Amino acid sequence: MKKILSLGVAAAVLSMTAVAASALVAPEFDGTPVAGAEVTVNIVANDLTDAATSFEVVTEGLTLKDYAVTDKGMPAFNPDTMKFAFISTSIPENGDVLLTLNFTVDAATGEDVSVSLVPGDGVTEVDAEAAVDVVVDAVVDPIPDDPTPGEGEGEGEGEGEGGLVDDGSGEGEGEGEGEGSGEGEGEGSGEGEGSETDDGKGNPDTGIALAVVPAVLAGAAIVVAKKRK
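(A) Up close: the packing of aromatic side chains. Here the structure, examined in full by the defined rule, presents two aromatic pairs. Summarising the aromatic geometry, the rings of Tyr67 and Phe77 are spaced 4.9 Å apart at their centres and angled 65° between planes, so their arrangement reads as edge-to-face. Of this pair, Tyr67 sits in strand 4 (residues 62-69) while Phe77 sits in strand 5 (residues 74-78), and the two are 10 residues apart along the sequence. Under the relative-accessibility criterion, Tyr67 is labelled partly exposed at 37%.

(B) Region of the structure containing the sheet that holds strand 8 (residues 112-119). What the five strands build is an open sheet, ordered 5-6-3-8-9; its pairing is antiparallel. Strands with a single pairing partner mark the edges of an open sheet, and in this sheet they are strand 5 and strand 9 (131-134). Going from strand to strand, the sheet's axes swing by 15° on average, the running direction of each strand aside. Bridge count between strand 5 and strand 6 (residues 83-87): five bridges; the pairing is antiparallel. Looking at the pairing, Ala76 lines up with Ala85 of strand 6.

(C) Expanded view of the pairing of strand 2 (residues 38-45). Within strand 2, six of the eight residues are buried, which leaves it mostly tucked inside the rest of the structure. Across six bridges, the pairing between strand 1 (residues 25-30) and strand 2 is antiparallel. Note that in strand 2 the partner of Val25 across the bridge is Ala45. Here strand 2 runs beside strand 7 (residues 96-105); their pairing, made up of eight bridges, is antiparallel. Among the inter-strand pairings, Ala45 is bridged to a residue of strand 7, identified as Asp96.

(D) Just the side chain of Asn42, in detail. As for its position among the elements, Asn42 is in strand 2. Not counting residues up to four positions away in its chain, the partners in contact with Asn42 are Ala26, Pro27, Glu28, Asp30, Val97, Leu99 and Thr100.

(E) The sheet that holds strand 4, seen in detail. Sheet architecture is open: four strands sit in the order 1-2-7-4, paired in antiparallel fashion. Looking at which strands have only one partner, the edges of the open sheet turn out to be strand 1 and strand 4. In this sheet, neighbouring strand axes are inclined to one another by 25° on average, regardless of whether the strands run parallel or antiparallel.

Calculation criteria
- Residues numbered from 1 in each chain as written.
- Predicted model: local features only at pLDDT ≥ 70, side-chain atom pairs only at ≥ 80, totals over all residues.
- Heavy atoms only, no water.
- Phe/Tyr/Trp six-rings, centres within 6.5 Å; stacked < 30°, edge-to-face > 60°.
- Helix = DSSP H or I, 4+ residues; strand = E, 2+ residues; numbered from the N terminus.
- Buried < 20%, exposed > 50% of the residue type's maximum accessible area, 1.4 Å probe, protein only.
- Pairing = 2+ DSSP bridges.
- Axes fitted to C-alpha atoms, helices over the stretch in contact; angles between N-to-C directions.
- Contact = heavy atoms within 4.5 Å.

Rendered as structure tokens:
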């Protein structure tokens, strides 16, 4: 019976410890620190029981560039002393960001950068454990190879009216297919009527025919006259 009670008490203590550990204001890196670039750190509240808190921000390998405070309650931050204070009529909700800090990464590639909070006097719900991350080189996305020209296929059909070469009858129809390098292949057909262009197979022009007839008649008259003589 005593063993059972001891196990129960131990379990209760562990449960209370876990709750106390999660009910803290703590720093969180928002992204990976890159050498010479910028990185954001959020100071986040979770499961707080007090509507007021205060702490000092301590950093290594980072230089503060700018900051933003929550729009809830009455926050105050001094970038010179890196001290923050917050008071409100309501307790912050889980995940509320009380303070956002933008830093320039001074540490070299492979070195650690850290952000930690030192709780103010009488404040218990602040995580004193530092948030630590490793600095990396800037990652450059590789440039993709140029796509091979001429790849791709396409088909198309169309109908319309326009000038076609006449075969002598005055009307014409035509169909065509084509392929070429570029983006695809295409097929098309068209029907229509247009200006007539003689290809040499049709009748001669009427004007020329009328001009020839008098010459022929004149020649015939000369021949008849000679026979009479």
